[in-house]
Structures are given as structure tokens and as C-alpha cells.
Amino acid sequence: MNSLNTILGFDTSEQAQFRFHVLKVFYKGGWETVHLAFPELKRPALYRWKKIYESSGKRLNLLIPKSTKPHTFRQPTEHLAITKLVKLLREKHHRMGKMKIEG
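The rules behind each value
- Residues numbered from 1 in each chain as written.
- Predicted model: local features only at pLDDT ≥ 70, side-chain atom pairs only at ≥ 80, totals over all residues.
- Heavy atoms only, no water.
- Helix = DSSP H or I, 4+ residues; strand = E, 2+ residues; numbered from the N terminus.
- Rg over C-alpha atoms; globule rule 2.2 N^0.38 Å.
- Core = buried A, V, L, I, M, F, W, Y, C linked by side-chain atoms within 4.5 Å.
- Buried < 20%, exposed > 50% of the residue type's maximum accessible area, 1.4 Å probe, protein only.
- Contact = heavy atoms within 4.5 Å.
- Axes fitted to C-alpha atoms, helices over the stretch in contact; angles between N-to-C directions.
- Left-handed = near helix turned anticlockwise from the far one by under 90°.
- Polar contact = N/O pair within 3.5 Å; in protein donor to acceptor, adjacent residues only side chain to side chain.

A. Main features of the overall build of the protein. For the protein, the helix and strand inventory stands at five helices and zero strands. Along the protein, helices (α) and strands (β) appear in the sequence α-α-α-α-α when read from the amino end. The C-alpha atoms of the protein give a radius of gyration of 25 Å, which is well past the 13 Å a tight globule of 103 residues would have. Counting only C-alpha atoms and orienting by the principal axes, one finds that the protein spans roughly 70 × 35 × 20 Å.

Put into C-alpha cells, the structure is as follows:
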């Protein structure tokens, strides 16, 4: 089982190990015990971890936090040629402001 945890990445993730530890405390003593041991932990977070852990068949690797990177992000709206021109102007005339470049 130890080598399986290593393969799945559970051993390298401190957050996943913390979540598993909190869940063990919860199963032994309930929410009151967890709240006394970890006062900064919110109840919805605990129950979210519990739901993920139990619905996956108690697989430890699903306690590893997922990426928070957005699926879509802003793309530049101006053309590359305009960006190069503005950069060239600002390199030549470093004190030139936005209003003179636009006008």
C-alpha cells in the first residue's frame, strides 16, 4: 500500500496528508473534536473533503488539491504590431506618456 500511495502522489502532498489526518480525527470524534483541534478549519471544507473521499471509494489520491488555474483567461485584444510600436517608442523616449502615443 505504501508504494501505491507514492505512485499516486499522496506521499508528496502535504495538503492531502493533512486532509486525511483531519478526516481520521473526524471519524473518531466528530465535528466538535475537529473544531477543537483545528479551530481555523471551516465545516464546509471538512464535509467537502469527506464527500470526495467517500464517493471515490476512499482513494487517498483524490484528497490532493486540484489546480486552481482558470480554464479560460483574457487574451490580448490589440495587434502585435501596435504592441511592438508602443514598446519601440517607449524605449526611444522613456518619458513619453500614454496620451502622446495615442494622439
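B. Layout of the nonpolar core. In terms of nonpolar packing, the biggest core is built from 16 residues, with Val22, Val34, Leu41, Leu46, Trp49 and Leu63 touching the most fellow members. Of all elements in the fold, only α2 (14-37) and α3 (43-55) reach the threshold of two or more residues within this core. Those residues in contact with Val34 that sit more than four places away from it in its chain are Val22, Val25, Phe26, Leu41 and Leu46.

C. Representation of the packing of α2 against α3 in the model. At a minimum axis separation of 10 Å, α2 and α3 run at an interaxial angle of 120 degrees. α3 is crossed by α2, and the crossing has left-handed handedness. Along its contact with α2, which presents Phe18, Arg19, Phe20, Val22, Leu23, Phe26, Tyr27, Trp31 and Val34, the element α3 presents Arg43, Leu46, Tyr47, Trp49, Lys50, Tyr53 and Glu54.

D. Local environment of the environment of Ser56. Along the polypeptide, Ser56 turns up in the loop between α3 and α4 (80-92). Residue classification places Ser56 among the buried positions, given a relative accessible area of 16%. Distance in space between the C-alpha atoms of Ser56 and Lys87 is 52 Å, their sequence separation being 31 residues. Among the polar contacts listed, one links the side chain of Ser56 to the backbone oxygen of Ile52, at a separation of 3.2 Å.

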